[in-house]
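Chain and residue survey
Now for the letters of each chain:
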Amino acid sequence: MVIDISQELFSCQVFPGDPAPAYQRIRSIPDGDGCNLTTLSLCAHNGTHIDAPFHFFQDGRTVDALEPEIFAGPAYVATYEGAVTAEAAQRICAKARACGADARILLRGHTVVTAASARVFAGSGLRLIGNESQTFGPENSPAEVHHILLGAGIVLLEGIRLGAVADGRYLLCALPLKLAGCDGAPCRAVLMTE
């Protein structure tokens, strides 16, 4: 089974201060054109998207420099509500490791990754961590958590939707658009049962 965990882009939740995505139809079959053609206007961090290290580090890797295998493979979904403590992060990492999905962890629920839990995740060997929020860390001050995770080379998958997904191991495919030189990119994220 394939489970879509992406937001629809034009109706998505937008991080405060980011521009909302929009489109314009520049050719239209009903208007007599031979095809429909659409232009897009969006922020690289709209909807379900990834953050590359370049988002917070001038010398960090950009989206196009990230290996595709980061975004595809076994992933562990863990439900957590509230601020994630260091101890909770350790338990989540242990459960992911026990089922062979410790390279990718997806946090389900209204979670806030704290600096303490980010340090645990940063030392765990993770390649990707995802959550349902449009950012990692407290919404009003996400920089510290981004620095910890991106500084450890962990790619962030933000704005996923896991409401109907049970905890456990899945196969994740969340390939971002290959945007040269960019700090983030929208993606279509799906989970597959094995």
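Above this text sits the structure in question.
Residue positions are given per chain, counting from 1 as you read along its sequence in written order. It should be noted that, the model being predicted, local features are given only for residues of pLDDT at least 70 and side-chain atom pairs only at 80 or more, the latter also being counted only at that level, while totals for whole chains, interfaces and linings use all residues. As a convention, hydrogens and water are excluded, and side-chain values are obtained from all of the structure's heavy atoms.

Before going further, it helps to examine the overall build of the chain. Working definition: helices are DSSP H or I runs of at least four residues, strands are E runs of at least two. Numbering for both runs from the N terminus. For the chain, the count of helices and strands is three helices and 13 strands. Here the radius of gyration uses the C-alpha set of atoms, whereas the globule reference equals 2.2 Å times the residue count to the power 0.38. Its C-alpha atoms give the chain a radius of gyration of 17 Å, near enough to 16 Å, the size a compact globule of 194 residues would have. Judged by the C-alpha coordinates and their principal axes, the chain covers about 60 × 40 × 30 Å. Counting over 194 residues, the chain shows a buried share of 45%. When charges are counted, Lys and Arg contribute as positive and Asp and Glu as negative, whereas His and the chain ends are disregarded. Lysine's charge is taken at NZ, arginine's at CZ, aspartate's at CG and glutamate's at CD. Once the 14 positive and 20 negative side-chain charges of the chain are each reduced to a mean point, those two points are 6 Å apart. Residue exposure (1.4 Å probe, protein chains only): buried if accessible area is under 20% of the type maximum, exposed if over 50%, otherwise partly exposed.

Here we take up the sheet that holds strand β13 (residues 190-192). Strand pairing is assigned whenever DSSP detects at least two bridges linking the two strands. What the nine strands build is an open sheet, ordered β1-β13-β11-β5-β7-β9-β10-β4-β12; its pairing is mixed. Two strands in the sheet have a free side with no partner beyond their single neighbour: β1 (2-4) and β12 (184-186). Averaged over all neighbouring strand pairs, the angle between strand axes comes to 30°, with direction disregarded. Pairing of β1 with β13, which is carried by three bridges, proceeds in the antiparallel orientation. Paired with isoleucine 3 across the bridge in β13 is leucine 191. For helices, the fitted axis covers only the stretch in contact; all axes are lines through C-alpha atoms, and the angles between them, taken along N-to-C directions, range from 0 to 180 degrees.

This paragraph deals with the packing of helix α1 (residues 86-98) against helix α2 (residues 115-122). With their axes 8 Å apart at the nearest point, α1 and α2 run at an angle of 30° to one another. With respect to α2, the element α1 is oriented roughly parallel. α1 and α2 meet at a crossing whose hand is right-handed. Here α1 contributes Ala86, Ala89, Gln90, Ile92 and Cys93 to the contact with α2, which in turn contributes Ala116, Ser117, Val120 and Phe121. Under this scheme an angle from 65 to 115 degrees is roughly perpendicular, one under 35 degrees roughly parallel, and one over 145 degrees roughly antiparallel; angles in between are oblique. Note on convention: the crossing is left-handed when the near helix lies turned anticlockwise from the far helix by less than a right angle, right-handed when the turn is clockwise. Throughout, a residue-residue contact means that at least one pair of heavy atoms, one from each residue, lies within 4.5 Å.

Time to look at the pairing of strand β9 (residues 128-131). Residues Leu128 and Gly130 point to one face of β9 and Ile129 and Asn131 to the other, with burial holding for every one of them. Bridging between strand β7 (residues 104-108) and β9 involves four bridges; their strand directions are parallel. Residue pairing in the sheet places leucine 107 in a bridge with asparagine 131 of β9. Where β9 and strand β10 (residues 155-158) come together, four bridges link them in parallel fashion. Each bridged residue has a counterpart across the sheet, and for isoleucine 129 the counterpart in β10 is leucine 156. Following the backbone out of β9, through helix α3 (residues 143-151) and into the adjacent parallel β10, one traces a crossover that is right-handed. Whether a crossover is right-handed comes down to one check: with the strands pointing away from the viewer, does the path from the first strand over the helix to the second run clockwise; if it does, it is right-handed.

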